[in-house]
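Observations on chain architecture
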Amino acid sequence: MDSAIVVGAGTFGASLAWVMAREGIAVTLVDQFEPGDARASSGGESRLYRCSHGLEADYTRMAWRARTLWRELEAATGEELLLERGVAWFAHREDGWEAASERTLRACDVPVERLSVEDAARRFPSFAGDDLEFVLLEPEAGAVRAARAVRALVRAARDEGAVVKRARAAPADGAILLDDGTRMEAGVVVWACGGWLQDLFPGLVSLRVTCQELLFFDGGPAWAADTVPAWVDYDLAAYGTSDLDGLGVKAAPDVEGPPLHPDAPLPPVSAEGEAAARGYVQRRFPALARAPLRDGRCCRYELSPDSNFIAAPHPVQDGVWIVGGGSGHGFKHGPAMAERVVRAMRGVGELPAHFGLHERQVARSLRTAGSGA
């Protein structure tokens with residue numbers, strides 16, 4: 001594999017371009033948007049970085065490997081991308097997602113702490129945990145500055161020799177056809193187009209593109225401290241961060257939102273979405289109950305039925321690969337996922353069977369109890 005075209009410059013595609021370019025592959029990265037565009041599922045200000053995936057050790061190890069690669073990207077670009085504030089998981093029972101994650105994290109030698117509810121409360125400016133059994137803390141987790149990270153990946157790929165083109169592309173018998181009529185070929189063509197994959201490969205890729213609402217509250221200076229962790233409430237399908245970069249305290253209901261075609265404009269946040277977020281923070285962080293709303297934004301998820309990623313060769317077209325299905329938890333994995341995919345392309349590594357282009361059954365989500373079985 002001496003040449004490649006990657007279509008799609010989200011976390012998976014931009015990471016692939018960076019990894020390929022670092023390995024000496026002549027790669028062209030094509031995207032219809034500028035890197036980090038909010039319309040893509042990798043856009044926006046931040047994404048959680050965490051290694052907890054229940055009993056799924058493979059995802060846990062991949063997330064931990066991604067941490068090393070994000071740090072290498074920071075060193076290469078001079079950008080501060082990974083904010084290690086910790087991630088706190090709110091456990092409603094002793095035998096739930098959090099307990100399973102703890103066992104897996106320890107088995108994979110990923111730092112983790114089990115906190116009492118009282119100890120966890122001291123880490124937040126306001127906290128109510130009377131419904132919790134314990135709190136699982138990943139001290140070296142946190143958040144990734146998402147749009148900045150995508151732009152850094154693209155810049156680093158270009159610095160390693162990658163060519164970056166802005167154009168919309170469509171499949172053309174193993175090649176790509178740009179919207180200006182240009183046909184491009186390479187030894188490998190990777191389609192990493194997020195929510196557009198289902199339209200580009202109907203009958204082969206099954207994805208649902210949904211609209212997700214993000215609310216940002218003005219919590220005051222205490223919530224901007226770098227000691228305040230991000231958090232996930234798996235059973236109540238909610239997550240958020242402290243006030244990062246002055247944007248406000250992020251609180252996001254994580255139930256699956258309504259369908260939204262990838263080409264459709266992002267709508268404004270709904271009154272129902274704000275009410276859901278306010279209802280949650282009133283329950284968990286009481287001092288935020290009446291906090292002013294600083295901002296509200298929508299983003300997209302591209303969800304596979306079982307929330308596993310997609311990474312597999314096209315069943316008919318030699319040299320064509322399909323990569324996507326981030327399912328609301330893919331961003332942090334980008335560089336490590338790319339590393340694995342490139343190894344598989346070279347024939348020196350294997351990808352898990354659950355990344356394949358097979359028919360998938362709805363299964364328990366790797367993100368939240370708000371989706372899946």
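Coordinates for the structure precede this section.
The structure reproduced in this document is the subject of the present report. (Residues numbered from 1 in each chain as written. Predicted model: local features only at pLDDT ≥ 70, side-chain atom pairs only at ≥ 80, totals over all residues. Heavy atoms only, no water.)

**As for the overall build of the chain**
When helices and strands are tallied, the chain shows eight helices and 20 strands. Expected size for 373 residues packed as a compact globule is a radius of gyration near 21 Å; at 20 Å, the chain falls within 12% of this value. With respect to the principal axes defined by its C-alpha atoms, the chain has extents near 60 × 45 × 40 Å. Looking at the chain residue by residue over its 373 residues, the buried ones come to 58%. The contacts in the chain between residues at least 6 apart in sequence include a share of 74% that link residues at least 24 apart. Total accessible area on the chain is roughly 14,500 Å²; 49% of this is exposed by carbon and sulfur atoms. The distance from the centre of the 40 positive side-chain charges to the centre of the 52 negative ones in the chain is 2 Å. (Helix = DSSP H or I, 4+ residues; strand = E, 2+ residues; numbered from the N terminus. Rg over C-alpha atoms; globule rule 2.2 N^0.38 Å. Buried < 20%, exposed > 50% of the residue type's maximum accessible area, 1.4 Å probe, protein only. Contact = heavy atoms within 4.5 Å. Areas by Shrake-Rupley, 256 points an atom, 1.4 Å probe, with all protein chains shown as cover. Lys, Arg positive; Asp, Glu negative; His and termini not counted. Charge placed at Lys NZ, Arg CZ, Asp CG, Glu CD.)

**Considerations on the sheet that holds strand 12 (residues 183-184)**
Ordered in space as 10-11-12, the three strands form an open sheet in which the pairing is antiparallel. A single partner strand is all that each edge strand has here, and the edge strands are strand 10 (169-172) and strand 12. The sheet contact formed by strand 11 (residues 175-178) and strand 12 spans two bridges and is antiparallel. By the bridge assignment for strand 12, Leu177 is matched with Arg183. (Pairing = 2+ DSSP bridges.)

**A look at the packing of helix 2 (residues 57-77) against helix 5 (residues 146-159)**
For any two helices packed against each other, one specifies the inter-axial angle together with the distance between the axes. Their axes nearest at 10 Å, the elements helix 2 and helix 5 cross at an angle of 65°. Relative to helix 5, helix 2 is oriented roughly perpendicular. The element helix 2 and its partner helix 5 pack so that their crossing is left-handed. Facing helix 2, whose interface residues are Trp70, Leu73 and Thr77, helix 5 presents Ala149, Ala152, Leu153, Arg155 and Ala156. (Axes fitted to C-alpha atoms, helices over the stretch in contact; angles between N-to-C directions. Parallel < 35°, antiparallel > 145°, perpendicular 65-115°, else oblique. Left-handed = near helix turned anticlockwise from the far one by under 90°.)

**Some details on the sheet that holds strand 1 (residues 3-7)**
In a beta sheet, neighbouring strands pair by backbone hydrogen bonds and run either parallel or antiparallel. Within the open sheet, the six strands sit side by side as 9-2-1-13-20-19. Their pairing is mixed. If you trace the sheet from one side to the other, it starts and ends with strand 9 (163-166) and strand 19 (310-313), each paired once. Looking at each pair of strands side by side, their axes are set apart by 15° on average, direction ignored. Alignment of strand 2 (residues 26-31) against strand 9, held across four bridges, turns out to be parallel.

**Considerations on the packing of aromatic side chains**
Scanning the entire structure with this criterion turns up 20 aromatic pairs. Taking 6.1 Å as the distance between ring centres and 55° as the angle between the ring planes, the aromatic pair formed by Tyr59 and Phe355 counts as tilted. Of the two residues, Tyr59 is situated in helix 2 and Phe355 in the segment after helix 8 (334-346); the sequence distance between them amounts to 296 residues. As far as the burial class goes, Tyr59 and Phe355 line up, both buried. Three or more aromatic residues link up through ring pairs in this structure, and these residues are Phe90, Phe124, Phe127, Trp223, Trp231, Tyr280 and Phe285. Residue placement shows Arg22 over the ring face of Trp18; its charged tip is 4.2 Å from the ring centre. A cation sits over an aromatic face here: Arg297 above Phe216, 6.0 Å from the ring centre. (Phe/Tyr/Trp six-rings, centres within 6.5 Å; stacked < 30°, edge-to-face > 60°. Lys NZ or Arg CZ within 6 Å of the ring centre and 35° of its normal.)

**Concerning the packing of helix 1 (residues 11-22) against helix 5**
Running from N to C, helix 1 and helix 5 point in directions that differ by 25°, and their axes come no closer than 8 Å. If you check the angle between helix 1 and helix 5, you find them roughly parallel. Helix 5 is crossed by helix 1, and the crossing has left-handed handedness. On helix 5, the residues touching Thr11, Ala14, Ser15, Ala17, Trp18 and Ala21 of helix 1 are Val150, Leu153, Val154, Ala156 and Ala157. Taken together, the residues of the contact of helix 1 with helix 5 sort by class into nine nonpolar, two polar and no charged. (Nonpolar A, V, L, I, M, F, W, Y, C, P; charged D, E, K, R; others polar.)

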